[in-house]
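# Examining the three-dimensional arrangement
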Amino acid sequence: MSEAPAILAEGLVKTYGKTAALAGLDLTVPAGTVYGLLGPNGAGKTTAVRVFSTLLRPNRGRAQVLGHDVVTEATQVRRMIGLTGQYAALDEYLTGRANLVMIGQLSRLTANAARRRADEMLERFDLTEAAGRAVKTYSGGMRRRLDLAASLIGYPSVLFLDEPTTGLDPNARAMTWEIVRGLADSGTTLLLTTQYLDEADQLAGRIAVIDGGTVIAEGTPDQLKSSVGGEHLEVALARGADVEAAIVAVRPYAAGRVQADEDGRRLSVPVVTAEGLTTQVVRALDRAGVPVNDVTMQRASLDDVFLSLTGHVPAPAEDTSDDEERSVAA
Amino acid sequence: MTAITAELVPERDVTYERSSVSHFATDVWVLTKRSIARIRREPETLADVTIMPVIFILMFAYVFGGAILLPGHGSYHEYLIGGMLGMGLAQTAPGVAVALVTDMSTGLMDRFRSLPMSRWAVLVARSIAELLTQLIGAAVVVCVGLAIGWRVHTGAADVAEALALALLFGYAFTWVGVCLGMVLRSPEAAQATGFIIFLPLTFVSSAFVPIQGMPGWLQPVAEWNPMSALAAASRQLFGNPNPAASVHSWPMQHPELAVVCWSVAIILVFAPLAVRQFRRKVLG
């Protein structure tokens, strides 16, 4: 089974009435990677995760986790996966430890193993002190940690993290990132959905951008960034500098059309990265007598990728209306 | 936080090799323990089967009871307990609904569904926890009853039959609760709907007042109310005053059979509905 990809999806379709949440999704997630599913609200990320984690049956297409079909071999799949959804799925009235032991036993650990594993997880996620308290007294960050611990208790080979940092404060968010990095190092395959471009950029080795229920781009963050124009130099001209002279001076180094902003204070120069390029451009401007405040190398961000692929910037979390329309159109 | 290293599940720690019956039993046991742990941590969740019946018994025995005249002049305190038993047990149904809706809406049910466990165990464990709750409720009613002067004038077999009928009745209403839990979306809605159903069910019956005192158009409703059947059956089996015995309608003349029929009918209607919803929402 070692050659089987961690997750394989072929032509997945899931419709709700007339709305297609998934419209023929294809995806291959190699084992041992952190894979980001990036897309706005309503793009189909959560639906995809729910199909992969056996919570939803697709209308068409098929999906496998480590070579096992999520519909016909659901029990095998459930033994290998962990799921952390957008909300902490815990029993509020039980203690942190009781929650973990319960989920461990339901994951088919023996009672003793479940208790040992629960204590190990509490220690690992810094929850030992709060272990004897009811979950409803936990803070948001503690719940999230306990929820992650719960999804790891059954030794999953593939872990699904559905928007793991949505609604978290910056501290808790940083902590979650740290945990995700640690898990990635352990060889667990992680499928992470997010609508935050920086999160995908920070954590994922590969990213699939999904919109309208299909994958519209796939690759490493670097590949995705270079697919939309790669790097450019931002030249900030000093007050009174001659814009025309500046454009002429930098043109030999440009890989495309040099653009100046409206008030003639900034140039954007598309370039192909090369050793010492920035220095050469500064010298050329100096020779032409153009005073410069600043020259910086800018790489395309995933925001640019997203914008160029979808024609819109990612929607904020609350605004789902137009995303639903897009899903319908797809 | 310690460093996280690669880990595989040790073979001796998992129970994959056990039979599916053993797995099912484990799942039911683990989930039942969960419900009991909740009760132990927050005993006030049992208020509906402990404090409520006490308040009702005391109120009806000492406040309203004096104004209620029983046809045949029996003791109202003795009359009351047969009615309270039915109310105390049916009262737990909204609790089942609230518990299930909570599991569904917090995402805990989704977590269960992503585990290699039996999903039916969720339902079975819930009904076992409910049965325990109902036993506690029945014990409270009996104890408070004894304290206010209620006595049994028959034998142990009759008492056992009365309690068995009451638990069957309570079990039937557990399915009503499961059904509500599957259909409704928030714990508050489950609570409110339970109240709307059980208030008239309890009060338009012979649970607290004799049917003979109700207006003529309402009497048939009360006579055919399953709560009246259980009240009449309990009173008859305990040897308590049972004015309904003189009411000429089938359920009041055959209250024990009526309780069985009602319970079976309720189970036949609500269990398949609940199971269908459960299949759709939980088995997916």
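Residues numbered from 1 in each chain as written. Chains lettered and ligands numbered in written order. Predicted model: local features only at pLDDT ≥ 70, side-chain atom pairs only at ≥ 80, totals over all residues.

### Brief notes about the sheet that holds strand E14 (residues 292-299) of chain A
Residues and elements named next belong to chain A. Pairing in this open sheet of four strands is antiparallel, and the strands run E12-E13-E11-E14 from one edge to the other. What marks the edges here is a single partner per strand, and that holds for strand E12 (259-260) and E14. As judged from the five bridges shared by strand E11 (residues 231-237) and strand E13 (residues 266-270), these two strands associate in the antiparallel manner. Considered in E13, the bridge of His232 is made with Pro270. This element, helix H10 (residues 277-287), spans E11 and E14 of the sheet and lies at about 150° to E14. (Pairing = 2+ DSSP bridges. Helix = DSSP H or I, 4+ residues; strand = E, 2+ residues; numbered from the N terminus. Contact = placed C-beta atoms within 7 Å. Axes fitted to C-alpha atoms, helices over the stretch in contact; angles between N-to-C directions.)

### Remarks on helix H1 (residues 45-52) of chain A
All names here are of chain A. Extensive coverage of H1 is indicated by the burial of eight of its eight residues. For H1, the set of buried residues is Lys45, Thr46, Thr47, Ala48, Val49, Arg50, Val51 and Phe52. Directly after H1, the chain includes Thr54, whose backbone phi takes a positive value near 70°. (Buried ≥ 20, exposed ≤ 12 C-beta atoms within 10 Å, placed from the backbone.)

### Here's the deal with the interface of chain A and chain B
Contacts between the two partners involve 37 residues from chain A and, on the opposite side, 33 residues from chain B. Taken together, the elements giving at least two residues each to the side of chain A that touches chain B come down to helix H2 (74-80), strand E6 (81-84), helix H3 (96-106), helix H4 (111-124) and helix H6 (170-185) of chain A. For the side of chain A that touches chain B, the element with the highest residue contribution is H3 of chain A, accounting for five residues. Grouping the amino acids of the side of chain A that touches chain B by side-chain chemistry returns 19 nonpolar, 10 polar and eight charged. (Nonpolar A, V, L, I, M, F, W, Y, C, P; charged D, E, K, R; others polar.)

### What to know about the environment of Gly72 of chain B
All names here are of chain B. Position of Gly72 among the secondary structure elements: in the loop between helix H2 (51-64) and helix H3 (76-90). The exposure class assigned to Gly72 is partly exposed, which follows from the 13 C-beta atoms found within 10 Å. In this structure the C-alpha to C-alpha distance between Gly72 and Pro241, which are 169 residues apart in sequence, comes to 8.1 Å. In this view, Gly72 contacts Pro241 and Pro243; residues no more than four positions away in its chain are not counted.

### Notes on the sheet that holds E6 of chain A
Residues and elements named next belong to chain A. The six strands lie next to each other as E6-E7-E8-E3-E9-E10, forming an open sheet whose pairing is mixed. Of all strands in the sheet, those bounded by a partner on one side alone are E6 and strand E10 (214-219). Mean inter-strand twist for the sheet, computed between neighbouring axes without regard to direction, equals 15°. Pairing geometry for strand E3 (residues 34-38) and strand E9 (residues 206-211), over four bridges, is parallel. Paired with Gly36 across the two strands is Ile207, which belongs to E9. Across the sheet, helix H5 (residues 140-152) is in contact with E6 and strand E7 (158-162); its angle to E6 comes to roughly 165°. Most of the contacts of H6 go to strand E8 (residues 189-194), to which it runs at about 150°, and overall it touches E3, E7 and E8.

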